[in-house]
Amino acid sequence: MNARIQPKGLTALQFDNRFLRELPVDPINSNTPRQVIGYCASRVLPAKVPQPQLVAYAQEVADLLDLSAEECQSDSFTEIFSGNRQLPGMDPYASCYGGHQFGNWAGQLGDGRAINLGEVINRQGQRLALQLKGSGRTPYSRSADGLAVLRSSVREFLCSEAMHHLGVPSTRALSLILTGEQVWRDMFYDGRAKQEPGAVVCRVAPSFIRFGNFQILAARGQTELLRQLADYCIRTDFPHLGEPSPAVYQQWFAEICRSTAEMVLHWMRVGFVHGVMNTDNMSILGLTIDYGPYGWLEDYDPNWTPNTTDAGGRRYSYAQQPQIALWNLVQLANALYPLFDEAEPLERALDGYQAQYQQGRQTMMAQKLGLTAFDAETDETLVTELLAVLQLVETDMTRFYRLLADLKVDDLTAENANTAELLTPLLDAYYIPEQLTAAHRLRIGNWLRSYGDRLQKEGTQEASRKQRMNAVNPNFVLRNYLAQEAIDQAEKQDFSRINELLEVLRRPYDEQPDKQQFAGKRPDWARQRPGCSMLSCSS
């Protein structure tokens, strides 16, 4: 195919920009940073880039848009999704929202480096918003340049798709494109800025509306506009609830609480740490959104956060995520309160979040251990002790659960089994096995025996238990060092590792023997290296 001919699939994209059609739009067409009051969005064109170059694309996301591989590899695709050219029907804009950042109200924030190209209706009738991240200044950029660098863009692109294939609700990523520009960034805000390659990611989601879209309107006392946005959101993203009404508002907020609980449960299941759970980074649809300083638990440390900005307070650490999600929901409830006659329905939904999370956590832990059901009388103690022994020495969470699935009940319950024999199959999960003292080994061995007794009591078949465990405990996750290796190569114009990881992460629960090197523990060289351990919000 001649790449200079615009593919039919791209021209056939059907745009239905309902957000701009049904909500008030800022009449000022300028990228000048300013307070945008009384409007939900500002029209703005993406910045032109000098030399766009396709790095990677996700075919599954292209399929959602009815785009072929040939179309995705065309010059037209690269021009469009770098922001250099708009298709007929596109109506680019940045949305206005506020938010709490690290627990403090930050006022107006908005899409400072994201520009929505428009909303596509695909052949299945699904609404999909297309958004470029790193496409230039908007009225919400404040003092920033609105751009993004390859480093953060690789991480966003790969993680969006990795999370989807893990079964975690997430925004998706269509493409990753270099801009041909060099962008100044101070990676750790320590005065050592340097130039990095610029890049743009095209994100895809049914909606990019956040808690903060409602918060900014409530903070400004714009109750009628708040109601207008809520009604739009219900009609567009929650049509199954029916026409907006006081009763539907209650159902709507309860559903937001449920989907948020489900999202966080998935995070906890796979060991994901978002790193910056500000209210402006919370999706109204319960999708993981805004992949910045995220990370996966490698050493099982519930207090770990990947975010250097959060290193002191650890507000957004792994263990804090369920509670922070509730805190964020409370802020959303406060914002939506003007739509309700009383607080009780909001409080009931928030209580529902806590109940759903606690019940979901029990189910999740039972699944991770291969149990068919959670027995509160025995399993709470079993789980509590497991999470304690995982912290005795550096233990790789992902490897531990995969290795645990291989253990045999008969070996765990054998009367003559010694502790050394019980632990041997798990040694690869420990970063420094020599740190296991006799007391550590005894405690872990005792837990393994208790686990074996529990399995024996349930009478589960070995094969089915292993299958169940391996269906919820991933073999492959996007460890920070893997992303950093891909970034290092990409900065040298070698994109092979990005595409290789994309392929591996499409099947995160499979064994994939020829790719098992990507399932290994974090290597020692990555322990303290920037990008492999802690990250900043710098993009």
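Whatever comes next refers back to the structure up there.
Description of the structure in this document.

About the thresholds
- Residues numbered from 1 in each chain as written.
- Predicted model: local features only at pLDDT ≥ 70, side-chain atom pairs only at ≥ 80, totals over all residues.
- Heavy atoms only, no water.
- Helix = DSSP H or I, 4+ residues; strand = E, 2+ residues; numbered from the N terminus.
- Contact = heavy atoms within 4.5 Å.
- Axes fitted to C-alpha atoms, helices over the stretch in contact; angles between N-to-C directions.
- Parallel < 35°, antiparallel > 145°, perpendicular 65-115°, else oblique.
- Nonpolar A, V, L, I, M, F, W, Y, C, P; charged D, E, K, R; others polar.
- Core = buried A, V, L, I, M, F, W, Y, C linked by side-chain atoms within 4.5 Å.
- Buried < 20%, exposed > 50% of the residue type's maximum accessible area, 1.4 Å probe, protein only.
- Expected span 1.5 Å × (residues − 1).
- Pairing = 2+ DSSP bridges.
- Phe/Tyr/Trp six-rings, centres within 6.5 Å; stacked < 30°, edge-to-face > 60°.

Here we look at the side chain of Glu161
- Here Glu161 shows up in helix α6 (residues 150-166).
- With residues up to four places along the chain from it excluded, the contact list for Glu161 reads Ala58, Glu60, Val61, Arg172, Ala173 and Leu502.

Details of the packing of helix α8 (residues 223-237) against helix α9 (residues 246-270)
- Here α8 crosses α9 at 70°, and the two axes come no closer than 11 Å. The angle between the axes of α8 and α9 places the two elements in the roughly perpendicular class. Only Val248, Tyr249 and Trp252 of α9 make contact with α8, whose side of the interface consists of Arg227, Ala230, Asp231, Cys233 and Ile234.
- Of the residues assigned to the contact of α8 with α9, the class counts are six nonpolar, no polar and two charged.

Digging into the nonpolar core
- Counting residues in each nonpolar core, the largest one holds 139 residues, and the members touching the most others are Phe214 and Trp252.
- Setting aside its immediate chain neighbours within four residues, Trp252 contacts Phe214, Ala230, Cys233, Ile234, Phe238, Leu241, Ile284 and Leu336.
- Among the nonpolar cores identified, the runner-up in size contains 25 residues, and Tyr57, Leu65, Leu87 and Met90 belong to it.

Points about α8
- Here α8 is 15 residues long and its end C-alpha atoms lie 21 Å apart, about the 21 Å a rise of 1.5 Å per residue gives.
- Those residues of α8 that are buried are in contact with α2 (18-22), β7 (114-121), β8 (127-133), α7 (211-219), α9 and α10 (321-336).

Focus: the pairing of β8
- Of all the seven residues making up β8, seven are buried; the element is thus mostly covered by neighbouring parts of the structure.
- Side chains Arg127, Ala129, Gln131 and Lys133 of β8 all project onto a buried face; the interleaved residues Leu128, Leu130 and Leu132 project onto the opposite face, where all are buried too.
- Here seven bridges tie β7 to β8, and the two strands are oriented antiparallel to one another. Considered in β8, the bridge of Ala114 is made with Lys133.
- Across five bridges, the pairing between β8 and strand β10 (residues 194-205) is antiparallel. By the bridge assignment for β10, Leu132 is matched with Cys202.

A look at the pairing of β10
- Judged by how many residues are buried, β10 sits mostly within the fold: 10 of 12 residues are covered.
- Strand direction decides the pairing type here: strand β9 (residues 172-185) and β10, joined by 10 bridges, are antiparallel. Residue pairing for β10: Leu176 is matched across the bridge by Val201.

A closer look at the packing of aromatic side chains
- Evaluation of the coordinates by the stated rule reveals 18 aromatic pairs.
- Summarising the aromatic geometry, the rings of Phe19 and Tyr232 are spaced 5.6 Å apart at their centres and angled 85° between planes, so their arrangement reads as edge-to-face. In this pair, Phe19 is assigned in helix α2 and Tyr232 in helix α8, connecting sequence segments 213 residues apart.
- Residue Tyr232 is classed as buried on the basis of its relative accessible area of 5%.
- Their ring planes at 80° and their centres at 6.4 Å tell us that Phe238 and Trp252 sit as a pair that is edge-to-face. Taken together, the positions of Phe238 in the loop between α8 and α9 and Trp252 in helix α9 put the pair 14 residues apart, joining distant regions of the chain.
- Residue classification places Trp252 among the buried residues on the basis of a relative accessible area of 0%.

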